[in-house]
Amino acid sequence: MIVRWGIGELDALLGKLGIERALLVTTQRFADLELPVHARFSGVQRHSPLEIVAAATAAAEGADGLVGLGGGSAIDTSKAVSAGTGLPLVAIPTTYAGSEWTPYFGMRDAARRLKTGGSGANTVAVVYEPTLTLGLPREETVGTAMNALAHCAEALYAGECADASRGAELIARWLPAVVSDGDDLESRTGLLEGAMHAGMALAERGLFLAHAMAQALGGRYGLSHGAMNAICLAPALRFNARAVPDAIASFGRSLGTEDPASKVEELARLGGFVRLRDFGVPETELSELAAETAARPGAAANPRSAAAADVETLLRSVW
Ligand code: NAD
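Residues numbered from 1 in each chain as written. Predicted model: local features only at pLDDT ≥ 70, side-chain atom pairs only at ≥ 80, totals over all residues. Heavy atoms only, no water.

Draft legend 1. Spotlight on the packing of helix H5 (residues 162–180) against helix H6 (residues 185–205). Direction vectors running N to C along H5 and H6 enclose 150°, while the axes themselves pass 7 Å from each other. Judged on the interaxial angle alone, H6 and H5 are roughly antiparallel. The two elements H5 and H6 cross, and the hand of that crossing is left-handed. Residues that form the contact of H5 with H6 fall into these classes: 12 nonpolar, 5 polar and 6 charged. (Axes fitted to C-alpha atoms, helices over the stretch in contact; angles between N-to-C directions. Helix = DSSP H or I, 4+ residues; strand = E, 2+ residues; numbered from the N terminus. Parallel < 35°, antiparallel > 145°, perpendicular 65-115°, else oblique. Left-handed = near helix turned anticlockwise from the far one by under 90°. Nonpolar A, V, L, I, M, F, W, Y, C, P; charged D, E, K, R; others polar.)

If you want it as structure tokens, here you go:
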């Protein structure tokens, strides 16, 4: 994977890759950004709905490459188009979600109220541009940074991982600074660098219980993936502590604490993420959500076996 810092690098990068007719895949927010692209699709929506992926794929007719720019939803949408068409993708993330590092992607099937997915994206390069993150609101900043922190925590389950440790350290250091001044470029750059390491750790190690809970919640209610990760990470860490105590301790060292779950809750509170009920999750559906979570690959791969009844207890603890 080619990695560049600075959007000014994009033109030369596309040239080096031999891409002459790039399609930009993004949201309305970045629709008119000055970029060296040939065509634009700016209809990306949260959680990459299936019909939006189909529309973006149709827009790729005649393109010889893709530039996916935005949060995880824009990156996942462009990855789905890349997988379907074989076109090379240059990803430009504008949140801390880390999707640029994995070949797989999620898509929301709204009719069935769940997240489906696929794999096989041909991502060839990532361009990081911290100034694009300056306008990211506090909730999205904290949520997507907590998603990145969950990548770090879960990557450590399988043993030491330099990117996971570095990512956690940078996120814990720079997230509070970004929350107190979202326009500070040094803090934004530090946080984006942390997210880059977190994404690399995700690609190396995969995702587990906290992510499975967040995905089930996102699939059912369309809720923010970041916010759901922020709420689900602490209970998943406490649940897993018995199975992977060294991993939890290592994560704590990166965060500068002996109680990483409490530190995670403290960081999540910066975005106002505390309880599921605040997001309208009905208490009556927690047992169905638990069953959906337990059936997800991330739960099945968790280092401590997580049956639906266990997950329900965890969901209730943060409801
Ligand atoms: P998102 O892409 O939906 O963005 C959240 C909100 O922030 C949107 O309203 C978006 O328009 C806005 N936004 C994005 N960048 C902005 C900026 N710089 N300034 C102002 N507003 C901005 O959310 P996300 O949390 O980045 O990504 C979540 C999605 O990505 C989920 O669907 C999740 O499943 C997926 N994801 C996939 C992977 C993977 O490896 N495949 C990894 C992480 C996340």
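Draft legend 2. Expanded view of the layout of surface pockets. Here the largest pocket defines a volume of roughly 1200 Å³. What lines the largest pocket is a set of 48 residues, and nearest its centre among them are Gly72, Ser73, Asp76, Ala97 and His225. When contributions to the lining of the largest pocket are tallied by element, the ones reaching two or more residues are helix H3 (72–85), strand S6 (105–109), strand S7 (114–118), helix H4 (138–155), helix H7 (209–221), helix H8 (225–240) and helix H12 (297–300). The dominant element in the lining of the largest pocket, judged by the number of residues it contributes, is H3, at 5 residues. Residues that form the lining of the largest pocket fall into these classes: 14 nonpolar, 27 polar and 7 charged. Around the second largest pocket, the lining residues are Ala230, Ile231, Ala234, Pro235, Arg238, Glu265, Ala268, Arg269, Phe273, Val274, Ser317 and Val318. Put simply, the parts of the chain that give the lining of the second largest pocket at least two residues each are H8 and helix H10 (260–269). It is H8 that provides the largest number of residues to the lining of the second largest pocket, a total of 5 residues. (1 Å grid on protein atoms, 1.4 Å probe; cavity = no way out; pocket = protein on both sides within 12 Å on 5 of 7 lines; lining within 4 Å. Points joined across faces, edges and corners; volume = space filled by probe spheres on them.)

Draft legend 3. Structural view of the site of the ligand. The immediate surroundings of the ligand are formed by 27 residues, with Gly72, Ser73, Thr94, Thr95 and Thr102 found nearest. Between Arg29 and the ligand, the recorded distance is 3.0 Å, taken from a side-chain N or O atom to a nitrogen atom. The backbone of Tyr104 places a nitrogen or oxygen atom 3.0 Å from a nitrogen atom of the ligand. At the level of elements, H3 and H4 are the ones that each hand at least two residues to the shell around the ligand. No other element matches the 4 residues that H3 contributes to the shell around the ligand. Across the shell around the ligand, the residue classes tally to 8 nonpolar, 13 polar and 6 charged. (Near = heavy atom within 4 Å. Polar contact = N/O pair within 3.5 Å; in protein donor to acceptor, adjacent residues only side chain to side chain.)

Draft legend 4. The arrangement of the pattern of salt bridges in detail. Tallied over the entire structure, the rule returns 16 salt bridges. A salt bridge links Glu292 to Arg220; the nearest nitrogen and oxygen atoms lie 2.5 Å apart. Taken together, the positions of Glu292 in helix H11 (residues 286–294) and Arg220 in helix H7 put the pair 72 residues apart, joining distant regions of the chain. The class for Arg220 is buried, based on a relative accessible area of 7%. By sharing partners, the salt bridges in this structure join Arg113, Arg220, Glu285, Glu288 and Glu292 into a single network. (Salt bridge = Lys/Arg side-chain N within 4 Å of Asp/Glu carboxyl O. Buried < 20%, exposed > 50% of the residue type's maximum accessible area, 1.4 Å probe, protein only.)

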